[in-house]
Amino acid sequence: MTDVTGAPVDVLHTLFRSDQGGHEQVVLCQDRASGLKAVIAIHSTALGPALGGTRFYPYASEDDAVADALNLSRGMSYKNAMAGLDHGGGKAVIIGDPERIKSEELLLAYGRFVASLGGRYVTACDVGTYVADMDIVARTNKWTTGRSPENGGAGDSSVLTAYGVFQGMRASAQHQWGDPTLRGRKVGVAGVGKVGHYLVGHLVQDGADVVVTDVRDESLRRITEMFPQVTVAKDTAALIRTEGLDIYAPCALGGALDDETVPALTAKVVCGAANNQLAHPGVEKDLADRHILYAPDYVVNAGGVIQVADELHGFDFDRCKAKAAKIFDTTLAIFARAKDDGIPPAAAADRIAEQRMADARRA
């Protein structure tokens, strides 16, 4: 069912009337010559220009693409606020299989749409887009980060994303077991792609016993060649049921924690790189009821956005790494707030982020 504009009614309900909405602007982009179909969603500019990556994914429908853009952009507002950045939240999605339709012409067309927003939205890499893609996008607009060092950028933001998740995981271990080391802990990583394989490196170096899974055989081959001591689980369903699992790290797409996975989890801590891990409101309480500590995704995976935001001011890796290291302290502060307020950590993080955005609007 659609309204008079042809837009799905449920999307409009989300945008204008639901608690998950409140977006400032949503732009539908189409360039028939290149095959581009994209959605750019700006959730908030209260703290500054909206900053968030571009996801290139073969969505089952345009409705799904819009819904994902809305959810992801809202998450970026909270992520940027918790990371202490002077940026609001935005996200873009390009509809289609990047292996089939990605082209220079399409990326240049997408860049022109970003440029049309006049700096209200700053883009970067995400699932399905890479540094080389951002170099092309940047040719048609100046509000592009995640570019190659050769083109004045910071390079692959996955490096500091993984580092930040590792710091969040150390904080989780400190809160749960009184020691920030992962040595001797069994950690399950679902998704060993751009971010996941860097995270595995940190875990192995720290002495963790790592179990991995991925839908791509080539990703599993790469990780086992790099780290022969890593164990491979058949799939995510098998991974979350691994006996003796201490920590589960979802590092693929969102919705990893739902009504089926939470009751099956053997881990006592969930801390991973994926965005929007909670499939629906209430999952955070389900985790708390099972005494599973959840490190809010948008807090621990903020290393990448810290990196690309720094690119706008002249990138310095050591400066960014120092900021990403503070994710350890931020995560501990959230756990302390959750305990004091008697609420799950996800709700505590939301309260802190919402307060910062509200203060900015009043300023």
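Residues numbered from 1 in each chain as written. Predicted model: local features only at pLDDT ≥ 70, side-chain atom pairs only at ≥ 80, totals over all residues. Heavy atoms only, no water.

Moving on, we get to the packing of helix H6 (residues 158-177) against helix H15 (residues 327-341). The geometry of H6 relative to H15 is characterised by a closest axis approach of 8 Å and an angle of 40° between their N-to-C directions. Viewed along their axes, H6 and H15 adopt a mutual orientation that is oblique. Helix-helix and strand crossings are classified by hand; for H6 and H15 the assignment is right-handed. Residues Gly164, Gln167, Gly168, Arg170, Ala171, Ser172, Gln174 and His175 of H6 pack against Ile327, Phe328, Thr331, Leu332 and Phe335 of H15. (Axes fitted to C-alpha atoms, helices over the stretch in contact; angles between N-to-C directions. Helix = DSSP H or I, 4+ residues; strand = E, 2+ residues; numbered from the N terminus. Parallel < 35°, antiparallel > 145°, perpendicular 65-115°, else oblique. Left-handed = near helix turned anticlockwise from the far one by under 90°. Contact = heavy atoms within 4.5 Å.)

Looking now at the side chain of serine 158. Residue placement: serine 158 occurs in helix H6. For serine 158, a relative accessible area of 5% translates into the label buried. Only 2.9 Å separates the side chain of serine 158 from the side chain of aspartate 156, close enough to count as a polar contact. Those residues in contact with serine 158 that lie beyond four places of it in its chain are Lys194, Val195 and Tyr198. (Buried < 20%, exposed > 50% of the residue type's maximum accessible area, 1.4 Å probe, protein only. Polar contact = N/O pair within 3.5 Å; in protein donor to acceptor, adjacent residues only side chain to side chain.)

Judged by pairing direction, the sheet is parallel, and its six strands sit side by side in the order S9-S8-S7-S10-S11-S12 without closing on themselves. Each end of this open sheet is capped by a strand with a single partner; those strands are strand S9 (231-232) and strand S12 (293-294). The pairing of strand S8 (residues 209-213) with S9 spans two bridges and is classified as parallel. Its bridge partner being in S9, valine 212 is matched across the sheet by valine 232. (Pairing = 2+ DSSP bridges.)

Below, the discussion takes up the packing of H15 against helix H16 (residues 345-362). The relative placement of two packed helices comes down to the angle between their axes together with the axis-to-axis distance. Where H15 contacts H16, the axes come no closer than 8 Å and their chain directions differ by 105°. Looking at the two axes, H15 sits roughly perpendicular to H16. Seen from H15, the contacting residues are Ile334, Phe335, Arg337, Ala338 and Asp341; seen from H16, they are Pro345, Ala348, Ala349, Arg351 and Ile352. Class assignment of the residues belonging to the contact of H15 with H16 gives a composition of seven nonpolar, no polar and three charged. (Nonpolar A, V, L, I, M, F, W, Y, C, P; charged D, E, K, R; others polar.)

Side-chain alternation along strand S10 (residues 247-250) places Ile247 and Ala249 on one buried face and Tyr248 and Pro250 on a second face that is also buried. Taken together, the four bridges between strand S7 (residues 186-190) and S10 define a ladder with parallel strand orientation. In the strand pairing of S10, valine 187 is matched with isoleucine 247. Note that S10 and strand S11 (residues 269-270) share two bridges and pair parallel. Within S11, the residue paired with tyrosine 248 across the bridge is valine 270.

With that settled, the discussion passes to the nonpolar core. Met169, Val189, Val200 and Leu203 are the most contacted members of the largest nonpolar core, which has 41 residues in total. Counting only elements with at least two residues in this core, the list comes to H6, S7, helix H7 (196-205), S8, helix H8 (217-226), S10, helix H13 (303-311) and H15. Tallying contributions element by element places H6 first for this core, with five residues. In contact with valine 189, other than residues within four places in its own chain, are Gly196, Val200, Leu203, Val210, Val211, Val212, Thr213, Leu239, Ala249 and Cys251. Within the second largest apolar cluster, 21 residues are counted, among which are Leu36, Ala38, Ala50 and Ala92. (Core = buried A, V, L, I, M, F, W, Y, C linked by side-chain atoms within 4.5 Å.)

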